[in-house]
Amino acid sequence: MSRSLIVVPSLVAVEPPESGLKPGQRPGPYAAVVCTGQERGKAHCYICEAADRPIAIVFARKMSDPLGKLVRGLDDGVIAHKAAELRSWVTILHDDETVIGPDVVKWGQTHGIRNVPLAVFEDPDGPPAYRIARDAEVTVLLSVKQKVVKNFSFRAGELNEQRVKEVLSALPSILPT
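Read on for a plain summary of the structure. (Residues numbered from 1 in each chain as written. Predicted model: local features only at pLDDT ≥ 70, side-chain atom pairs only at ≥ 80, totals over all residues. Heavy atoms only, no water.)

1. Digging into the overall build of the chain
Within the chain, the regular secondary structure consists of 4 helices and 7 strands. Ordered by position in the sequence, the α and β elements of the chain form the string β-β-α-β-α-β-α-β-β-β-α. Its C-alpha atoms put the chain at 75 × 40 × 30 Å along the principal axes. The buried share of the chain, reckoned over its 177 residues, is 46%. Counting contacts in the chain only where the partners sit at least 6 residues apart, residues at least 24 apart contribute 74% of the total. (Helix = DSSP H or I, 4+ residues; strand = E, 2+ residues; numbered from the N terminus. Buried < 20%, exposed > 50% of the residue type's maximum accessible area, 1.4 Å probe, protein only. Contact = heavy atoms within 4.5 Å.)

Right, here's the structure in full:
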């Protein structure tokens, strides 16, 4: 008598990592070394200058093409929603801006990013109050009036074209009606 073992793959949905501030929480100030734009080479706090304006904050551990598409979409959004004073910036999490800064600049140029500043926070764990998960490659916070409205987080390889559309389609949730 022979016995067979049948293996059935499990279809368990993987929850996104819990990363960053939750809706309703207030984004606190943090300074990052700016790699592009007017503040290049300086530590700057974009939260401080944003005040009550709608903002899209991107924290990333790695620069990639999908991240470039997301940031390019935010870049276009900053122009399209100029009247609403939409602000956005990218904070790369790395221990040394002098090492990664030139790569950040090149990556931004490759993706045609002109209106979204790119900066480096010199601690791979990110600003402590933000609680960026170590397994989150990208965390996006949408906020207005100093309150997070939406939080998106993605592990390595999870940010794709569909997810980029999902994040960009959520922008109206922080814009005035």
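2. A word on the pattern of salt bridges
Side-chain pairs of opposite charge can arise whenever the charged atoms involved come near each other. Summed over the entire model, instances satisfying the criterion amount to 8 salt bridges. With a shortest N-O distance of 3.0 Å, Arg134 and Asp125 are connected by a salt bridge. On the accessibility criterion, Arg134 (67% relative accessible area) is exposed. Between Arg155 and Glu158 there is a salt bridge; the shortest N-O distance is 3.6 Å. Overall, the relative accessible area of 24% leaves Glu158 in the partly exposed class. Salt bridges sharing common partners tie together Arg72, Asp75 and Asp76. (Salt bridge = Lys/Arg side-chain N within 4 Å of Asp/Glu carboxyl O.)

3. Re the side chain of Glu137
Inspection of the secondary structure puts Glu137 in the loop between strand S5 (118–121) and strand S6 (138–144). Within the buried core, Glu137 has no salt-bridge partner, and the shortest N-O distance to an opposite charge, that of Lys62, equals 4.4 Å. The residues contacting Glu137, other than those within four sequence positions of it, are Phe59, Ala60, Arg61, Lys62, Phe154, Arg155, Ala156 and Gly157. (Lys, Arg positive; Asp, Glu negative; His and termini not counted.)

4. A closer look at the sheet that holds strand S7 (residues 147–154)
Read across the open sheet, the 7 strands follow the order S2-S1-S5-S4-S3-S6-S7; overall the sheet is mixed. Each edge of the open sheet carries a strand with a single partner, namely strand S2 (43–44) and S7. Docked against the sheet, helix H3 (residues 97–110) engages strand S1 (32–34), strand S4 (87–93) and S5, running at close to 155° with respect to S5. Against the sheet, helix H4 (residues 161–169) makes contact with S6 and S7, and its axis sits at roughly 180° relative to S7, the strand it touches most. (Pairing = 2+ DSSP bridges. Axes fitted to C-alpha atoms, helices over the stretch in contact; angles between N-to-C directions.)

5. A closer look at the environment of Trp107
Along the chain, Trp107 turns up in helix H3. Taking the relative accessible area as the measure of exposure, Trp107 reaches 9% and is therefore buried. Each C-alpha atom of the pair Trp107 and Leu86 lies 23 Å from the other, and the pair is 21 residues apart in sequence. Beyond its immediate sequence surroundings of up to four residues, Trp107 is in contact with Met63, Ser64, Leu67, Gly68, Val71, Ile113 and Leu118.

6. Brief notes about the nonpolar core
Ranked by internal contacts, the top residues of the largest apolar core, which has 33 residues, are Leu67, Leu70, Val138, Val140 and Leu142. It is helix H2 (residues 65–80) that contributes the most residues to this core, 5 residues altogether. Beyond its immediate stretch of four places on either side in the chain, Leu67 contacts Val58, Ala60, Lys62, Trp107, Val138 and Leu159. Counting residues in hydrophobic clusters, the runner-up holds 19 residues, among them Cys45, Tyr130, Ile132 and Val148. (Core = buried A, V, L, I, M, F, W, Y, C linked by side-chain atoms within 4.5 Å.)

7. Side note on the pairing of S4
For S4, the buried fraction is high: 6 of the 7 residues fall into the buried class. As paired elements, strand S3 (residues 55–60) and S4 share 6 bridges and run parallel to each other. Looking across to S4, one finds that Val58 is bridged to Val90. For the segment spanning S3, H2 and S4, crossover handedness is right-handed. Pairing analysis gives 4 bridges linking S4 to S5, with the strands arranged parallel. If you follow Leu93 over to S5, its bridge partner there is Phe121. (Right-handed = clockwise from strand over helix to strand, strands pointing away.)

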